[in-house]
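Topology and contacts: notes
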Amino acid sequence: MDSELAVLVASGATTLVSLMVTDSWTHARELVGRYLTRTGADPGTFDDLQDARALLLAADATERERTAREISRRYGARLRRLAEADGSDEALRALLTSLLQLSASATDSWRMVDNRISGGVQHGPVIQSGTVAGLTFHVDHVDRQ
């Protein structure tokens, strides 16, 4: 079980760090925070998670990989200690499953957008958007000869 636990911990920590830079972060932080505080210890966990994210986002390109490894290592150690204290990896498995689902949905939400304007000169604003629903434009048609 020790090598299996190591794989679970590494996967959970890596997935957590990858979610820190997505729109799913708030949900991921809640899941991991609840897991880490379920024994009632360390009430500052949610703030620590937010601080780790801020550190990752503030790192420049050359520091980002090192920072991600350090955060992953730190949270991996915390996840391992809790799983070992439980004597079971079931709660860790459930957490990892939830994080992987969040990661998959974050990946699925990215779409390529290719906007083109054609047909002459545009004398007004051009709006780039994702999904727009219920939008109505009222245009006065005036014949100009």
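Notes on the structure follow.

Conventions used here
Residues numbered from 1 in each chain as written. Predicted model: local features only at pLDDT ≥ 70, side-chain atom pairs only at ≥ 80, totals over all residues. Heavy atoms only, no water. Helix = DSSP H or I, 4+ residues; strand = E, 2+ residues; numbered from the N terminus. Contact = heavy atoms within 4.5 Å. Areas by Shrake-Rupley, 256 points an atom, 1.4 Å probe, with all protein chains shown as cover. Phe/Tyr/Trp six-rings, centres within 6.5 Å; stacked < 30°, edge-to-face > 60°. Lys NZ or Arg CZ within 6 Å of the ring centre and 35° of its normal. Expected span 1.5 Å × (residues − 1). Buried < 20%, exposed > 50% of the residue type's maximum accessible area, 1.4 Å probe, protein only. Salt bridge = Lys/Arg side-chain N within 4 Å of Asp/Glu carboxyl O. Axes fitted to C-alpha atoms, helices over the stretch in contact; angles between N-to-C directions. Parallel < 35°, antiparallel > 145°, perpendicular 65-115°, else oblique. Left-handed = near helix turned anticlockwise from the far one by under 90°. Nonpolar A, V, L, I, M, F, W, Y, C, P; charged D, E, K, R; others polar.

Glancing now at the overall build of the protein. Counting secondary structure elements, the protein contains 5 helices and 0 strands. Secondary structure of the protein in N-to-C order comes out as α-α-α-α-α. Residue pairs in contact within the protein that sit at least 24 positions apart in sequence constitute 72% of those at least 6 positions apart. Accessible surface, the protein as shown: approximately 10300 Å² in total, 52% of it carbon and sulfur.

The next subject is the packing of aromatic side chains. How two aromatic rings sit relative to each other is set out by the distance from centre to centre and by the angle between their planes. Under the criterion given, the structure shown has 0 aromatic pairs. Above the face of the Y35 ring, R38 is positioned so that its terminal group lies 4.1 Å from the ring centre.

In a regular helix each residue adds 1.5 Å, so 26 residues correspond to 38 Å; helix 4 (residues 61-86) covers 38 Å between its end C-alpha atoms and thus fits that length. Listed as buried for helix 4 are T67, A68, I71, S72, Y75, G76, R78, L79, L82 and A83.

Once that is clear, we can look at helix 2 (residues 25-37). End to end, helix 2 covers 18 Å across 13 residues, agreeing with the expected 18 Å (1.5 Å per residue, within 8%). Within helix 2, the full set of buried residues consists of W25, A28, R29, L31, V32, G33, Y35, L36 and T37.

Before going further, it helps to spend a moment on the pattern of salt bridges. Under the criterion given, the structure shown has 8 salt bridges. In the salt-bridge network here, residues are joined through shared partners; they are D2, R80 and E84.

Bringing the packing of helix 3 (residues 45-58) against helix 4 into the picture now. One way to put it is that helix 3 packs onto helix 4 with a least axis distance of 9 Å and a crossing angle of 160 degrees. Compared by their axis directions, helix 3 and helix 4 come out roughly antiparallel. Considering only the axes of helix 3 and helix 4, their crossing is left-handed. Contacts between helix 3 and helix 4 involve T45, D48, L49, A52, L55, L56 and L57 from the former and R64, T67, A68, I71, R74, Y75 and R78 from the latter. Considered class by class, the residues forming the contact of helix 3 with helix 4 number 8 nonpolar, 2 polar and 4 charged.

Positionally, G12 belongs in helix 1 (residues 2-19). It is 9.8 Å that separates the C-alpha atoms of G12 and S98, two residues lying 86 residues apart in sequence. When neighbours within four sequence positions are excluded, G12 is seen to be in contact with L79, L96 and L99.

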